[in-house]
Amino acid sequence: MSNMCKICGEKRATKTHLLSAHKLSKEDYIRQYEPEVYEQEQILAELNALYVRRRDKYIVFNRKIESWQTLTANTQRRIPPLTDRALQQHLRGESCYGIVSNSATSHLIVFDIDMNPTDSLTALKLLTSELKRLGLSEEQMLCSWSGRRGFHVALFFEEEVSKAVLVSFYESIRDKLGYSNKQIEGKAIGGQGVKLPLGINFKNKDLEYDNFCYLVTSTGEKIINSLDRLQNVEKIPVSFFYELSSGPEISPEKLEIAQNALSEIEREIAGDEYYYLTADVIDKWCEYKLKFGIEASGTRHNTTFYLAVWLKDRKKLTKEDTKKRLFDWTANVCSKKFYKTALNDVQKEINDTVNTVFKYDKYRIREVKKHITLTAKDQMNIVYDSQGKILSKTDMKAMFIHARHSKVYANDSGIYYMTYDTFREISKQDTKNKVLKQRFEKLQLMNKLQIVSSNVVRDNHTFMKKPNTYRIIGADNDNSLQLKKEVKDIEVCTCSSLDLDKLIDTLKANVTGKAGRRPKLCKCKQKRSS
């Protein structure tokens, strides 16, 4: 029997037999005694990691009708999802499958070169040379023979990229090289399907050309070790696209127009009241809470959470030390008139809270900038479109709010979080969520703003809730001062009129990345300074 153990030949090579009789895991056994099977399993794992993001929708070549079909998993119609078994059939040359990207975003783009083999090879070299000129390496481009007469060049990204950005990128490359969209087609962009490599192209009936979709170098040479090439593919950071966006040309006349327009917008929206907490303020609040405990019923859970974040991020305590510190604080500092929970249950709640805080990096104290700097490039990017035309006042205002918010909250990748409520608060307009969503989507189509994540309805009509995160396209990281907003700090006094509930709200806004207006923390005016 083919599945008999190749070491002893006495029993089937099951996990139990291999472990008990030979002290080998199934994976180690396959690696040593079935290298071809092991290599195929590793190739399958790499294809899954690089290409497959969804299994409910995919493409398959129907050999009966000689055409590609798009399938959506449906139990009633007995249509299965895209399984590893199907992908194994693809690798064995029994079937040919492809993936379908998400409708609004994609984690990859594939340039499909489709001409005669000679012209396709020329186009491949021109395309990969242009991509290298833009800063990509050989490892960041996975090239393959299409199995008929052309080539595929796949680029993979570290995170999902919007359809608008990918379309703009594809069109700029295609136009720069001087090809039509039939000669070089952009695939896997916003719900499109694309064939997987390392399978058979059953459309190819011409025996002169190989119908196996093997991997190639950027100049078209066949790669023998497919697994090694797949394992060395490098994903591209999304910042690559925004470094390409140069924005409108800066001229003294246009810059003066931009500055005048922005000065008018500044007068209309939340100005000095729009503030951000600094870390020293949070330190004072947390130290106060650790010393005096909670002072109202129903505040223990929130306060425990914020203290856990602070102890982890600012005091650099370990997880176990944080748990011990918070339990001692609850048992010995907090007045029991403000909570009724038994200490055994308190310990469990603290364990759950601290485990969550240490599991996710997003729970941290954000020491934000005290100054918001908009450079000349930023101002031009807010006021003008990519062709140098002035945006509508509504779009300009939205871009200004996003740009200013990103200067404070954006991470190293340029991504920041902003709720619709925050936008309304800054704009001083009671605009509905649906209208704001449409406005931001318009800016995305204009290649001004990337909606990194938001609530979406999947293609199978299920709803997926995601935070509203964005990235400014063409943002300037230069620190040269052109337009500066002074942002006020607050000091926490310890007078009896201090409103700790309002301070909790401000702390919550800071931990979660939300902004708010400056609260009146106490009645003691001389204790509160700017």
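Basis of the calculations
- Residues numbered from 1 in each chain as written.
- Predicted model: local features only at pLDDT ≥ 70, side-chain atom pairs only at ≥ 80, totals over all residues.
- Heavy atoms only, no water.
- Pairing = 2+ DSSP bridges.
- Helix = DSSP H or I, 4+ residues; strand = E, 2+ residues; numbered from the N terminus.
- Salt bridge = Lys/Arg side-chain N within 4 Å of Asp/Glu carboxyl O.
- Buried < 20%, exposed > 50% of the residue type's maximum accessible area, 1.4 Å probe, protein only.
- Expected span 1.5 Å × (residues − 1).

A. Structural detail: the sheet that holds strand β6 (residues 151-162). Taken together, 5 strands build an open sheet; the order of strands is β7-β4-β6-β5-β9 and the sheet is antiparallel. Of all the strands in the sheet, the pair left with one neighbour each is β7 (184-187) and β9 (215-216).

B. View of the pattern of salt bridges. On inspection of all chains with the given rule, the structure shows 16 salt bridges. Among the ionic pairs, Arg 133 bridges to Glu 130, the shortest N-O distance being 2.8 Å. With Arg 133 and Glu 130 both in helix α5 (residues 117-133) and 3 residues apart, the pair spans about one turn of that helix. When its relative accessible area of 54% is taken as the criterion, Arg 133 is described as exposed. Take Glu 130: its relative accessible area is 9%, and that puts it in the buried class. Between Glu 320 and Lys 323 there is a salt bridge, with the nearest N and O atoms lying 3.6 Å from each other. Of the two residues, Glu 320 and Lys 323 are both situated in helix α12 (residues 319-332); the distance of 3 residues between them amounts to about one turn of the helix. Overall, Lys 323 belongs to the buried group, its relative accessible area being 11%. One continuous salt-bridge network, built from bridges that share partners, spans Glu 130, Arg 133 and Lys 176.

C. How the structure looks around helix α15 (residues 393-409). Helix length check: α15 (17 residues) gives 24 Å between terminal C-alpha atoms against 24 Å at 1.5 Å per residue, within 8%. Most of α15 is tucked away: 15 of the 17 residues are buried.

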